[in-house]
Amino acid sequence: MELVVFVLAAAMVLGGALGVVTRANPVHAAMSLVLTLFGIAVMFVSHNAHFLAAVQVIVYAGAIVVLFLFVIMLLGVDESEDLSIEPISKQRPLAFILGGGLMCIIIAAVVTGRKNFASGGGALESATLESPDSNIRLLARSIFSTNVFAFEITSVLLLVAVVGTVVMARRIKSLGTGK
Amino acid sequence: MISAILSVDPLLDGKLLWTPLIIVLVKVLIVFVVGLVATMLMVWFERKVIAGMQNRVGPNKAGPWGILQTLADGIKLFFKEDLLPERSDKFVFKLAPYLTLVPAFLAFAIIPLGGDFRDGKGGMVTMFGHQTRLQLADPPVGVLFALAISSIAVYGIMLAGWASGSKYPLLGSVRASAQMVSYEAALGLSLGAVILVSGTLSTAGIVDLQSSVGRWNIVATGFVPFFIFLIAATAELNRPPFDLVEAEQELVGGFNTEYSSIRFALFFLAEFMNTITMSALIVTLFFGGPQPISIGDTTLDIPLLPNALEGTVWLLLKVLVFLYIYVWFRATLPRFRYDQLMDLGWKILIPASLGWFMLLAAQRVGRDAGWDQIVVTLVSALVLIGGYALLQRAQKVSRSNREKDGASF
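Residues numbered from 1 in each chain as written. Chains lettered and ligands numbered in written order. Predicted model: local features only at pLDDT ≥ 70, side-chain atom pairs only at ≥ 80, totals over all residues.

## Focus: the overall build of chain A
Counting its regular elements, chain A contains 8 helices and 0 strands. Within chain A, buried positions represent 16% of all 179 residues. Contacts in chain A between residues far apart in sequence, at least 24 positions, make up 44% of those at least 6 positions apart. (Helix = DSSP H or I, 4+ residues; strand = E, 2+ residues; numbered from the N terminus. Buried ≥ 20, exposed ≤ 12 C-beta atoms within 10 Å, placed from the backbone. Contact = placed C-beta atoms within 7 Å.)

Right under this line is the structure:
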């Protein structure tokens, strides 16, 4: 049963990822990204991480990709781009090297961490099975008490990003950029 | 022989046998059929009520009181010519109606449709020797599932407008997606108040806690989250007075201008289905769902009906009230202007729901820590007023800055 779910979800993830790279139309690529994100959400559910799955769908599929699509629509990038132009010279061979390097790192991490996968997570799982809410409770306790400082710093970072965007996007007349 | 078949393990899981599987299948079928029939009746209900409010007769030819009018319209739409615009993106154009319809049905799955919540039974019903709930699914993430579904429902409308390959649908869908993304924040934050008070995410758990009128979440959360949720839900549904998505005077017909035949019917179906689901969600979250109305120790009991079915009747009655309110909105309120819509969402609803959430959280912490409730309320009220003053000041400054820059709004 778990194998069937895994194979289906993995097919969704890989198919979506291939679609993002290969589709010429940006809207189709964004939709493939949604497919990938859903596949990952299914994997989360099959590992009892229901809250992560819900957040994955709400935040990534429901907000971020919607924003991507929004920008694509507003800019009207309907025609496929000319693929022969390289904004950074030698970007294609560089991409191959970096992608290969990332893959090596991930494989190395999986190989070295295999022992932990087999044994770890036992404490969390027994708590999860007791009551469906306890998983979320553990997560909340971890975020809002143990790691509250990191959490607050992250929110400040996001706030700075928002303020920065507004400042950059605003046309100020005295600088001569506005109408 | 039959027992031999029934003891075969269908999912090769070692734990599940046929009976729970059949129960789930029956539930899926019931939810699907109930959804379709309810939508059909809702369309008729809306036309009839709005006709009454405008001194007209409304549909009165097909069936008694015109009740079969929707069925006739549906059959007519099936046989209409199916047009595919030349400049459309064929695949996405065909996909978009289903992307709207499927979330509309999915969200219905987590609504408790009945069951006995009295005397601590928690809505459990015995069916063929199995304890089960009268609800299709009770996922551990509960109401977050509804939020996730409503956040992916925007894709259908967005892609429909884009794939049509013409200007007005595109404008309509850009409006729709901006509106839905904005109001989702207010929706989620007012939902947060309910989750804070209930201490659980599960819809059955939330219903279980609201055993009498005084413990309904609308009272327990202090009314404000309910009104924010109602307004945000209306905007999320793109219903009047927030139906800028299909403002005929400005956009011809909005995102579905290029759609015809059964594809248009699917959008129509999804829209009304969503209205029913959202009303049921409001009832579940704030009005005790299938719980009977009880004040103090006296419970309004419907005689001769088993308690589990009585829950369904109560849910139906409560949902009808909200469906009527939605029709009433449509008949009464003029459409918002686009900047008014965004102002209401971002400058009023989101700060208000955040502030109220903070107030509730402070009360909760104060109660747990044994602080004086009056002091806690006073301090949080002062903080709220301070925050409101700051927000007003910031808006005033930015408005005067914009006017200095020569903006006309």
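## Some words on the overall build of chain B
On a plain count of helices and strands, chain B comes out with 15 helices and 4 strands. The C-alpha radius of gyration of chain B comes to 24 Å, within 12% of the 22 Å expected for a compact globule of 409 residues. Considered along the principal axes of its C-alpha atoms, chain B spans approximately 85 × 70 × 50 Å. Summarising the internal contacts of chain B: among those between residues at least 6 apart in sequence, 76% fall at separations of at least 24. (Rg over C-alpha atoms; globule rule 2.2 N^0.38 Å.)

## Brief notes about the interface of chain B and chain A
Opposite the 24 residues of chain B that make contact, chain A presents 21 residues. Mapped onto the side of chain B that touches chain A, the elements with two or more residues apiece are α5 (143-152), α6 (154-163) and α7 (167-198) of chain B. Sorting elements by how many residues they give to the side of chain B that touches chain A places α5 of chain B first, with 6 residues. Residues that form the side of chain B that touches chain A fall into these classes: 17 nonpolar, 5 polar and 2 charged. (Nonpolar A, V, L, I, M, F, W, Y, C, P; charged D, E, K, R; others polar.)

## Brief notes about the domain arrangement of chain B
All names here are of chain B. When the domains of chain B are assigned, the result is domain 1 (75-336) and domain 2 (338-401). Between the C-alpha centres of domain 1 and domain 2 the distance comes to 27 Å. If you look at the interface, domain 1 gives 21 residues, while domain 2 gives 16 residues. Ranked by residue count, the leading element in the side of domain 1 that touches domain 2 is α7, at 11 residues. Here the residues of the side of domain 1 that touches domain 2 are counted per class, giving 16 nonpolar, 5 polar and no charged. (Domains from an automatic or database assignment.)

## What about the packing of helix α2 (residues 18-53) of chain B against helix α3 (residues 69-78) of chain B?
All names here are of chain B. Running from N to C, α2 and α3 cross one another at 110°; their axes reach a closest spacing of 8 Å. With respect to their mutual orientation, α2 and α3 come out roughly perpendicular. Here M40, V43 and W44 of α2 come into contact with α3, specifically with Q69, T70 and L71. Counted by class, the contact of α2 with α3 contains 4 nonpolar, 2 polar and no charged residues. (Axes fitted to C-alpha atoms, helices over the stretch in contact; angles between N-to-C directions. Parallel < 35°, antiparallel > 145°, perpendicular 65-115°, else oblique.)

## Examining the environment of W162 of chain B
Turning to its location among the elements, W162 of chain B is positioned in helix α6. Sequence separation between W162 of chain B and G172 of chain B is 10 residues; the distance between their C-alpha atoms is 9.4 Å.

## Quick look at the packing of helix α10 (residues 224-236) of chain B against helix α12 (residues 261-286) of chain B
All names here are of chain B. Between α10 and α12, the least distance of the axes is 11 Å, while the angle of their chain directions is 170°. The orientation of α10 relative to α12 falls into the category roughly antiparallel. Residues F226, F229, L230 and A233 of α10 pack against M278, I282 and F286 of α12.

## Description of α5 of chain B
Most of α5 of chain B sits inside the fold, with 10 of its 10 residues counted as buried. Among the residues of α5 of chain B, those classed as buried are V143, L144, F145, A146, L147, A148, I149, S150, S151 and I152 of chain B.

## A closer look at unusual backbone geometry
All names here are of chain B. Of note, the amide linkage connecting P240 to P241 takes the cis form, showing an omega dihedral of 0°. When you line up the elements, P241 lands in the loop between α10 and α11 (248-251). Residue N238 is not a glycine yet carries a positive backbone phi of 55°. Mapped onto the secondary structure, N238 falls in the loop between α10 and α11. Its identity as a non-glycine residue notwithstanding, S261 has a phi of 55°, on the positive side. Its place among the elements puts S261 in helix α12. Residue classification places S261 among the partly exposed residues on the basis of 15 C-beta atoms within 10 Å.

## A look at the confidence of the model for chain B
Residue and element names in this part refer to chain B. Summary statistics for chain B give a mean pLDDT of 83 and a share of 93% for residues scoring 70 or more. Contacts of residues 1-5 to residues separated by more than four positions or lying in other chains number 0 contacts, the stretch itself having pLDDT below 50. With pTM at 0.84, the complex prediction returns an ipTM value of 0.77. (pLDDT = per-residue confidence, 0-100.)

## What about the confidence of the model for chain A?
Looking at chain A, the pLDDT average stands at 80 and 79% of residues meet or exceed 70. Here helix α6 (residues 122-130) of chain A is the element of chain A with the lowest mean pLDDT, 52, and helix α8 (residues 148-169) of chain A is the one with the highest, 91.

## Points about the environment of V43 of chain B
All names here are of chain B. Among the secondary structure elements, V43 is positioned in helix α2. Looking at V43, the number of C-beta atoms within 10 Å reads 21, which means it is buried. With 24 residues separating them in the primary sequence, V43 and I67 have C-alpha atoms 9.5 Å apart. In this structure, V43 is in contact with T70 and F272, ignoring residues within four places of it in sequence.

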